Amino acid sequence: MRHSETTFRFLDRVADPYFAAVREVINDWIGRYPGSHASRLLTRFGSYSEQEQMGAWWELYLCTVLTASGWTLEPEPEVSGTRNRPD
C-alpha cells in the first residue's frame, strides 16, 4: 500500500489474488446495500479521512450482518423534527 493511498483505493488497485477475493466480497456487499445510498457509502470509502473510511466499513459490515439475519434496513431515514439523519 502506498503511503498516500486509502485502503479502499489500495484494494481497488492491487491485482494479487488474495486481495481480489477481498474486493469481490466487498463489491458483493455494496451491491446489496439498500437503495441509492451505495454511492454515498462509496464516497466515504474513498475519503482520506480515516474516520470516514472506518465508519463506512463498519456501516457496510453491520448492514450485511443485519440483513443476512432477516432485518430490513433504511439508511439515513428522515426523523421528524430535525434535518439530521442517523446512519
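For the structure itself, consult the block above.
We now turn to the structure provided with this report.

Conventions adopted
Note that residues are indexed from 1 along each chain, following the sequence as it is written. Given that the model is predicted, a residue must reach a pLDDT of at least 70 before its local features are reported, and side-chain atom pairs must reach 80 or more before they are shown or counted; all residues, however, enter totals for whole chains, interfaces and linings. To obtain the side-chain values, all non-hydrogen atoms of the structure were used and water was disregarded. The salt bridge criterion pairs a side-chain nitrogen of Lys or Arg with a carboxyl oxygen of Asp or Glu, the two atoms within 4 Å. Like-charged residues are merged into a patch within 9 Å and nonpolar side chains (Val, Leu, Ile, Met, Phe, Trp, Tyr) within 5 Å, provided each residue has over 30% relative accessible area and no salt bridge. Under the convention used here, a 1.4 Å probe and the Shrake-Rupley method define accessible areas, while residue burial counts only the protein chains that appear. Relative accessible area decides the class of each residue, using a 1.4 Å probe on protein chains only: under 20% of the type maximum gives buried, over 50% gives exposed, and in between gives partly exposed. What counts as a helix is a DSSP run of H or I of at least four residues, what counts as a strand is a run of E of at least two, and both are numbered from the N terminus. A helix is expected to span 1.5 Å multiplied by its residue count minus one. The arc in question is traced by the directions running from the helix axis to the C-beta atoms. Between two residues, a contact is recorded if the distance between any of their heavy atoms is within 4.5 Å.

### Some thoughts on the pattern of salt bridges
Overall, the coordinates contain 4 salt bridges when judged by the stated rule. For the salt bridge of Arg44 with Glu52, the shortest nitrogen-to-oxygen distance reads 3.2 Å. Salt bridges linked by common partners bring Arg44, Glu52 and Glu59 together as one network.

### Some thoughts on a nonpolar patch on the surface
On the surface, Trp58, Tyr61, Leu62, Val65, Leu66 and Trp71 cluster together into a nonpolar patch covering about 600 Å² of accessible area. A relative accessible area of 32% means that Leu66 is categorised as partly exposed.

### Some thoughts on helix H4 (residues 50–68)
Over its 19 residues, H4 runs 27 Å from end to end, which matches the ideal 27 Å to within 8%, given 1.5 Å per residue. Of the positions making up H4, those classed as buried are Gln53, Ala56, Glu59, Leu60, Cys63 and Thr64. Here the buried residues of H4 occupy an arc of 130 degrees about the axis, which is enough to place them on one side. In H4, the exposed residues that point more than 90 degrees away from the buried face are Glu50, Gln51 and Trp58. Summarising the contacts, the buried residues of H4 are in contact with helix H1 (7–13), helix H2 (17–32) and helix H3 (38–45).

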